[in-house]
Amino acid sequence: MKTMINGDEIFISTGGREFDPKGKVLLFIHGSGQSHLSFALQNRYFANRGFQILSPSMPGHYLSQGEALTSIEDMADWHANLLDQMGVQDAVVIGHSQGGLIALEMGRRHPSKVKKIVILASAMAIPVNDMLLNMAAEKEHKAAAAMVSWSHGQDGHKFDHSVPGQNHLGNGVEVMAQNKPGVLWTDLTACNNYHEGEMAAKALECPVLCILAEKDKMVPAKFGKMLANTTTNGDCHIVKGAGHFVHSEKSIETNALMRPFLG
């Protein structure tokens, strides 16, 4: 579905179901250079099990209009505004990579709106090396291809996607190619400039589940463990053999870990 937020038309996936703001809402927040398509194997799965799904593409990403937001803080406020716009009192917030930083900051800035947090392959900080930032600024397609390759484990480099006819690497590059030019650099810069993660994690009062990837080269699992240990009510699971895109590469395992936590 589409809605207007801050004057921009925004696309939101509801998992193929009519959205009811009074139900148990799951808010999915995508990572750098990604979109709602990142959660294709979660949106329908949970929508068909009674949950209400809000999985937006942020401004400038895929079908959403507007300019990409430039800071994690602005992204956290934007998602809180989205909940207000949709008539949602509170939600379980699920964030992948950059989305994990946004979820942390959202929990700190808007605690009444965040019932629980699920962190997928993220940490309290995601520093980005200068080589990747420069590549994203000057050769965006090359940077996207490199990130997609680095973000998958050995199994993910094989042609064995859960969706027939798809493969992880090809699908990953195609998703990133749908965004407006410059979005990837803006997202990566926002991650690199965010330094409030530890304070945000310490401030959280809600339960936190960290699902990490054993073979994650982008955000190594040890940093996700530090996040779980910093929160007052955190739990941590590591998915064996998975790379950074754990929720698509190992969707069955990821969904199974999430389901009991969601209630």
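Small disclaimer: the values here were computed from a predicted structure and weren't measured.

Caption draft 1: Structural context of the nonpolar core. The biggest cluster of nonpolar side chains holds 59 residues, and the ones touching the most others in it are Leu27, Leu54, Leu82 and Met106. A per-element tally of this core places helix α2 (residues 72-85) first, with seven residues. Beyond its immediate sequence surroundings of up to four residues, Leu27 is in contact with Leu54, Pro56, His79, Leu82, Leu83, Ala91, Val92, Val93, Ile94 and Met106. Phe51, Val118, Met258 and Leu262 belong to the second largest nonpolar core, which has 21 residues in total.

Caption draft 2: Main features of helix α9 (residues 221-230). Burial in α9 covers these residues: Ala221, Gly224, Leu227 and Ala228. Buried residues of α9, viewed axially, fall in a sector of 105°; they line one side. Structural note: α9 exposes Lys222 and Asn229 on the side pointing more than 90 degrees away from its buried face. Next to the buried residues of α9 lie α3 (98-109), β6 (114-120), α8 (197-203), β7 (208-213) and β8 (234-239).

Caption draft 3: Structural view of the side chain of Asp216. Following the sequence through the fold, Asp216 ends up in the loop between β7 and α9. Despite being buried, Asp216 has no salt bridge partner; Lys217 is the closest side chain of opposite charge, sitting 9.5 Å away. Within the structure, Asp216 has its side chain in polar contact with the backbone nitrogen of Val219 (distance 2.9 Å). A polar side-chain atom of Asp216 sits 2.9 Å from a polar atom in the side chain of His244. The residues touching Asp216, leaving out its near neighbours within four places in the chain, are Ala121, Ala242, Gly243 and His244.

Caption draft 4: Molecular detail of the packing of aromatic side chains. This model, assessed by the stated rule, comprises three aromatic pairs. Ring centres of Phe28 and Phe39 lie 5.0 Å apart, and the angle between their planes is 45°; this geometry places the pair in the tilted category. One end of the pair, Phe28, is in strand β3 (residues 25-29); the other, Phe39, is in the loop between β3 and α1 (40-47), and eleven residues separate them in sequence. A relative accessible area of 0% places Phe28 in the buried class. Residues Tyr45 and Phe46 carry aromatic rings whose centres are separated by 4.8 Å and whose planes lie at 80° to one another, so their mutual orientation is edge-to-face.

Caption draft 5: Layout of the pattern of salt bridges. Per the stated rule, a full pass over the model turns up eight salt bridges. One salt bridge in this structure joins Arg109 and Asp77, with 2.9 Å as the shortest N-O distance. Of this pair, Arg109 sits in helix α3 while Asp77 sits in helix α2, placing them 32 residues apart in sequence. Among the residues examined, Asp77 registers a relative accessible area of 27% and is labelled partly exposed. Here Arg108 makes a salt bridge to Glu196, at a shortest N to O gap of 3.5 Å. In this pair, Arg108 sits in helix α3 while Glu196 sits in the loop between α7 (183-192) and α8, placing the two residues 88 residues apart along the sequence. A relative accessible area of 27% places Arg108 in the partly exposed class. Since its relative accessible area comes to 25%, Glu196 is described here as partly exposed. Overlapping salt bridges bring together Asp77, Glu105, Arg108, Arg109 and Glu196 as one network.

Caption draft 6: Structural context of the environment of Gln42. Tracing the chain through its elements places Gln42 in helix α1. A relative accessible area of 0% means that Gln42 is categorised as buried. Sequence-wise, Gln42 and Leu188 are 146 residues apart; in three dimensions their C-alpha atoms are separated by 24 Å. Once you skip the residues sitting within four places of it in the chain, Gln42 turns out to touch Phe28, His247, Ser251 and Asn255.

Caption draft 7: Structural view of the side chain of Asn179. Locating Asn179 in the fold gives a position in the loop between α6 (168-177) and α7. From its side chain, Asn179 meets the backbone nitrogen of Tyr62 in a polar contact 2.8 Å long. Apart from residues no more than four positions distant in its own chain, Asn179 is found in contact with Gly33, Gln34, Gly60, His61 and Tyr62.

Caption draft 8: Fine view of the environment of Gln89. Inspection of the secondary structure assignment puts Gln89 in the loop between α2 and β5 (91-96). Sequence spacing of Gln89 and Lys113 is 24 residues, and the spatial spacing of their C-alpha atoms is 6.2 Å. With near-sequence residues (within four places) excluded, Gln89 lies in contact with Ser112 and Lys113.

Rules used in this analysis
Residues numbered from 1 in each chain as written. Predicted model: local features only at pLDDT ≥ 70, side-chain atom pairs only at ≥ 80, totals over all residues. Heavy atoms only, no water. Core = buried A, V, L, I, M, F, W, Y, C linked by side-chain atoms within 4.5 Å. Buried < 20%, exposed > 50% of the residue type's maximum accessible area, 1.4 Å probe, protein only. Helix = DSSP H or I, 4+ residues; strand = E, 2+ residues; numbered from the N terminus. Contact = heavy atoms within 4.5 Å. Arc of directions from axis to C-beta. Lys, Arg positive; Asp, Glu negative; His and termini not counted. Salt bridge = Lys/Arg side-chain N within 4 Å of Asp/Glu carboxyl O. Polar contact = N/O pair within 3.5 Å; in protein donor to acceptor, adjacent residues only side chain to side chain. Phe/Tyr/Trp six-rings, centres within 6.5 Å; stacked < 30°, edge-to-face > 60°.

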